[in-house]
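Here is what each chain is made of, one letter per residue.
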Amino acid sequence: VREFASGLGAGLGLAFDAEGRLFAALQAVVAVYAADGTRLDTIGTGTDLSQPQGLCFAADGHLLVASLNRASIFEFDAEGDFLREFSGASLAQP
């Protein structure tokens, strides 16, 4: 067992993509780390993403992020660009 990435604080969701990068949900963004733990990118800045809880990848490589405070799902493409937000009464507690 080894420490993969430090300084995550209260990470609320983790997922690995097909390339082995770690995606970690933080307060209002998703941090992206290389296999060696180096921080590569931040996804979600400039969006209304708030309290991301769960992360998963769709078959097309898009990242889906459940936002607790917005009761919605945010979709990002494989490059980390925001695509759309899904919301509605059925997503009251993603």
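Structure: above.
None of these values were measured; they are calculated from a predicted model.

A.B. asks: I'm lost on the sheet that holds strand β1 (residues 13-16) in this one. Help?
C.D. replies: Across a sheet, strands are paired by hydrogen bonds formed along the backbone, either parallel or antiparallel in direction. With antiparallel pairing, four strands are arranged side by side in an open sheet as β1-β2-β3-β4. Because the sheet does not close on itself, it has two edges, and the strands there are β1 and β4 (39-43). Strand-to-strand, the axes of this sheet are offset by a mean angle of 20°, without reference to chain direction.

A.B. asks: Is there a simple way to explain the pairing of strand β6 (residues 63-67) in this structure?
C.D. replies: Among the five residues of β6, four are classified as buried, and the element is accordingly described as predominantly covered. Where strand β5 (residues 52-57) hands over to β6, the hairpin turn is made up of five residues, of which G61 adopts a positive phi near 90°. Bridge count between β6 and strand β7 (residues 72-76): five bridges; the pairing is antiparallel. Bridging from a neighbouring strand, A66 pairs with I73 of β7.

A.B. asks: What am I meant to see in the pattern of salt bridges here?
C.D. replies: Two side chains carrying opposite charge are able to pair once their charged atoms lie near each other. Per the counting criterion, the structure on display carries four salt bridges. In this structure, R21 engages D17 in a salt bridge whose closest nitrogen and oxygen atoms are separated by 2.5 Å. For D17, a relative accessible area of 12% corresponds to the buried category. Of the charged contacts, one joins E19 and R21 as a salt bridge, the two residues approaching to 3.8 Å between their closest N and O atoms. Classification of R21 by relative accessible area gives partly exposed; the value is 22%. In the salt-bridge network here, residues are joined through shared partners; they are D17, E19 and R21.

Thresholds, definitions, all that
Residues numbered from 1 in each chain as written. Predicted model: local features only at pLDDT ≥ 70, side-chain atom pairs only at ≥ 80, totals over all residues. Heavy atoms only, no water. Pairing = 2+ DSSP bridges. Helix = DSSP H or I, 4+ residues; strand = E, 2+ residues; numbered from the N terminus. Axes fitted to C-alpha atoms, helices over the stretch in contact; angles between N-to-C directions. Buried < 20%, exposed > 50% of the residue type's maximum accessible area, 1.4 Å probe, protein only. Salt bridge = Lys/Arg side-chain N within 4 Å of Asp/Glu carboxyl O.

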